Amino acid sequence: AYKIGKLLAQNGFDICSGGAQGIMDAVSKGAKEEGKSAIGITVDIFKSNTTQHLTNEVKCNTLFERIDNLIKYGDAFIILPGGTGTLVELSIVWELINKNVIEQKPIACLGNMWRKIIEVMDERLSFENKRPGLVKCHDSIEETIEYIKFQLNHN
């Protein structure tokens, strides 16, 4: 996550995350060290400590307000290995794009854990005559960054 934050910042991108510890802290630190913004969309319900590496914090009252702001601030989404909260965020973004509620934005998942989930869901979307392929899986940080750069520079 730290390397992703650094590389995105080196390519001119600001970072937006949930603003807490762990992966969110690391990506924010990487971006801030490179002189870019590290925006944290925080919510008190998790009672987690906010990272010290934020340049701006947007405080939310509910999980859904947080997700709404993450979508609003994000031009693209990089999904790192995570738990059910990460899955919820991915699912909501994916569904809103699939249903044309929000404009299509690049979604890149990093790591093998997501590949299995995305493959199963894409099969289901194809079966339902919906749009598979909205979420791309990548094996490396560099491949992920290149995909995001290409998508944002060509859309």
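A.B. asks: Run through the side chain of S28, naming residues and quoting values.
C.D. replies: Examined against the element boundaries, S28 turns out to sit in helix α2 (residues 23–33). A distance of 2.8 Å separates the side chain of S28 from the backbone oxygen of M24, its partner in a polar contact. Ignoring sequence-local partners within four residues, the contact set of S28 consists of S17, A38, T51, H53 and L54.

A.B. asks: Give me the lowdown on the side chain of R66, citing residues and values where you can.
C.D. replies: With respect to the element layout, R66 can be found in helix α3 (residues 63–73). An unpaired buried charge is present at R66: no salt bridge exists, and E89, the closest side chain of opposite charge, is 4.2 Å distant. Reaching out from R66, the side chain makes a polar contact with the backbone oxygen of G18 at a distance of 3.3 Å. Leave out the neighbours within four places in its chain, and R66 touches G18, M24, I41, V43, F46, C60 and E89.

A.B. asks: Now, about the sheet that holds strand β4 (residues 77–79): what can you tell me, with residues and values included?
C.D. replies: Within the open sheet, the three strands sit side by side as β4-β5-β6. Their pairing is parallel. The strands lining the two open edges of the sheet, one partner per strand, are β4 and β6 (135–138). Strand-to-strand twist across the sheet, computed as the mean angle between neighbouring axes with direction ignored, equals 25°. Pairing between strand β5 (residues 107–110) and β6: four bridges, direction parallel. Looking at β6, one finds that L110 is bridged to H138.

A.B. asks: So, the packing of α3 against helix α4 (residues 84–98): which residues are in play, and what are the values?
C.D. replies: Axis angle and axis distance: for two packed helices, these are the angle between their axes and the distance between the axes, and together they describe the pair. Packing of α3 against α4 brings their axes to within 11 Å, and their N-to-C directions diverge by 60°. Comparing their axes, α4 and α3 come out oblique. α3 and α4 meet at a crossing whose hand is right-handed. On α4, the residues that touch F64, R66, I67, L70 and I71 of α3 are V88, E89, I92, V93 and L96. The class makeup of the residues in the contact of α3 with α4 is eight nonpolar, no polar and two charged.

A.B. asks: Let's hear about the pattern of salt bridges: which residues, and what values?
C.D. replies: Under the defined criterion, the tally for this structure stands at nine salt bridges. Among the salt bridges present, the one from E128 reaches R124, with a minimum N-O distance of 2.9 Å. Exposure remark for R124: the relative accessible area of 41% places this residue in the partly exposed category. For E128, the salt bridge identified is with K130, shortest N-O distance 3.3 Å. Salt bridges sharing partners connect three or more residues here, namely K6, E33 and E34.

A.B. asks: An account of α2 is requested, with residue identities and associated values reported.
C.D. replies: When we look at burial in α2, the residues that qualify are D25, A26, V27, S28, G30 and A31. Elements in contact with the buried residues of α2: α1 (2–10), β1 (15–17) and β2 (38–43). Taken from the residues just after α2, G35 is the one with a positive phi, measuring 85°.

A.B. asks: Quick rundown of the sheet that holds β1? Include the residues and the values.
C.D. replies: Sheet architecture is open: three strands sit in the order β1-β2-β3, paired in parallel fashion. Both edges of this open sheet fall to β1 and β3 (56–60), since each of them pairs with a single strand only. The sheet shows a mean angle of 15° between the axes of neighbouring strands, taken without regard to direction. Bridging between β2 and β3 involves five bridges; their strand directions are parallel. Residue pairing for β3: T42 is matched across the bridge by K59. Strands in contact with α3 are β1, β2 and β3; relative to β2, the strand with the most contacts, it is inclined by about 160°.

Calculation criteria
Residue positions are given per chain, counting from 1 as you read along its sequence in written order. In keeping with the model being predicted, local features are shown solely for residues with a pLDDT of at least 70 and side-chain atom pairs are shown and tallied solely at 80 or more, while totals for entire chains, interfaces and linings include all residues. With hydrogens and water excluded, all non-hydrogen atoms of the structure serve as input to the side-chain values. What counts as a helix is a DSSP run of H or I of at least four residues, what counts as a strand is a run of E of at least two, and both are numbered from the N terminus. Identification of polar contacts relies on pairs of N or O atoms within 3.5 Å, with a donor-acceptor requirement for protein atoms, meaning one able to donate a hydrogen and the other able to accept it, and with residues adjacent in sequence counted only if both atoms are side-chain atoms. Working rule for contacts: check all heavy atoms of both residues, and any pair within 4.5 Å makes them a contact. Relative accessibility decides the category of a residue: with a 1.4 Å probe and only protein chains considered, values under 20% of the type maximum give buried, values over 50% give exposed, and everything between is partly exposed. We count Lys and Arg on the positive side and Asp and Glu on the negative side, and we leave His and both chain ends out. Here a salt bridge means any side-chain nitrogen of Lys or Arg lying within 4 Å of a carboxyl oxygen belonging to Asp or Glu. Pairing between two strands requires that DSSP report at least two bridges joining them. Geometry is summarised by axes, namely lines fitted to C-alpha atoms with helices restricted to the contacting stretch, and by angles between N-to-C directions that run from 0 to 180 degrees. Note on terminology: angles under 35 degrees are roughly parallel, angles over 145 are roughly antiparallel, angles of 65 to 115 are roughly perpendicular, and the others are oblique. What makes a crossing left-handed is the near helix being turned counterclockwise from the far one by less than a right angle; a clockwise turn instead makes it right-handed. Here the term charged refers only to Asp, Glu, Lys and Arg, the term nonpolar to Ala, Val, Leu, Ile, Met, Phe, Trp, Tyr, Cys and Pro, and the term polar to all other amino acids, Gly among them.

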